[in-house]
Amino acid sequence: MTETDPGIDTAPVRLAPGDPAPEFTLPDADGTPVSLSSYRGRRVIVYCYPAALTPGCTTQAVDFTAAAGDLAEAGLDIIGVSPDVPEKLSRFREQEELSITLVSDPEKQVLTAYGAYGPKKLYGKEVVGVIRSTFVVGADGKIEKAAYNVKATGHVAKLMRDLGID
């Protein structure tokens, strides 16, 4: 899941409202390419999580799946990004009955571009890994909201409140 990498010792660049959302095309759980640009004209929640089939990430994915209908009605699609390979994402989707789009970024290039990969504290130790983060990308492709170091539990409910959806 997380590894110590002495090659990365600086804090990642953080995105802020108004910044252009980094473009990406990544394979989903079925290996089908998913491009952020194909969502232009709609708002998209891009959330970054460390690893499929782990307790916190499962909680978050299940919560996003449960909220997907309300979010879609409000004009928001959901894309989850992790370093997991498509086969693991497929198992995750089936095991947890997830209906949201999950994409694979094993090279961590997209996670890094979003500032969601780098040094973080884990149980009091400094490690390098995925920083649980959520972004709302506007229909124009610009960041509307960026939240780093979010908690897995309760995050989706808080996000919906912040977006005025509840």
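This is a predicted model, so every value here is computed, not measured.

Position of alanine 61 relative to the elements: it lies in helix H1 (residues 55–73). For alanine 61, a relative accessible area of 0% corresponds to the buried category. For the pair alanine 61 and valine 156, spaced 95 residues apart in the sequence, the C-alpha separation amounts to 9.2 Å.

Summary statistics for the chain give a mean pLDDT of 92 and a share of 93% for residues scoring 70 or more. The model gives residues 1–9 a pLDDT under 50, and that stretch makes 19 contacts with residues more than four places away or in other chains.

Applying the stated rule across the entire model yields nine salt bridges. Between aspartate 30 and arginine 93 there is a salt bridge, with its nearest N and O atoms 2.9 Å apart. Of this pair, aspartate 30 sits in the loop between strand S1 (25–27) and strand S2 (33–35) while arginine 93 sits in helix H2 (residues 86–96), and the two are 63 residues apart along the sequence. Look at the salt bridges and you will find they share partners, linking Asp30, Arg93 and Glu94 into a network.

Across the five residues of strand S8 (residues 133–137), five count as buried, placing the element largely inside the fold. Side chains Ser133, Phe135 and Val137 of S8 all project onto a buried face; the interleaved residues Thr134 and Val136 project onto the opposite face, where all are buried too. Where strand S3 (residues 43–48) lies against S8, five bridges are found, and the strand directions are antiparallel. In the sheet register, valine 44 faces S8, and the bridge partner there is valine 137.

About the criteria used
Residues numbered from 1 in each chain as written. Predicted model: local features only at pLDDT ≥ 70, side-chain atom pairs only at ≥ 80, totals over all residues. Heavy atoms only, no water. Helix = DSSP H or I, 4+ residues; strand = E, 2+ residues; numbered from the N terminus. Buried < 20%, exposed > 50% of the residue type's maximum accessible area, 1.4 Å probe, protein only. pLDDT = per-residue confidence, 0-100. Contact = heavy atoms within 4.5 Å. Salt bridge = Lys/Arg side-chain N within 4 Å of Asp/Glu carboxyl O. Pairing = 2+ DSSP bridges.

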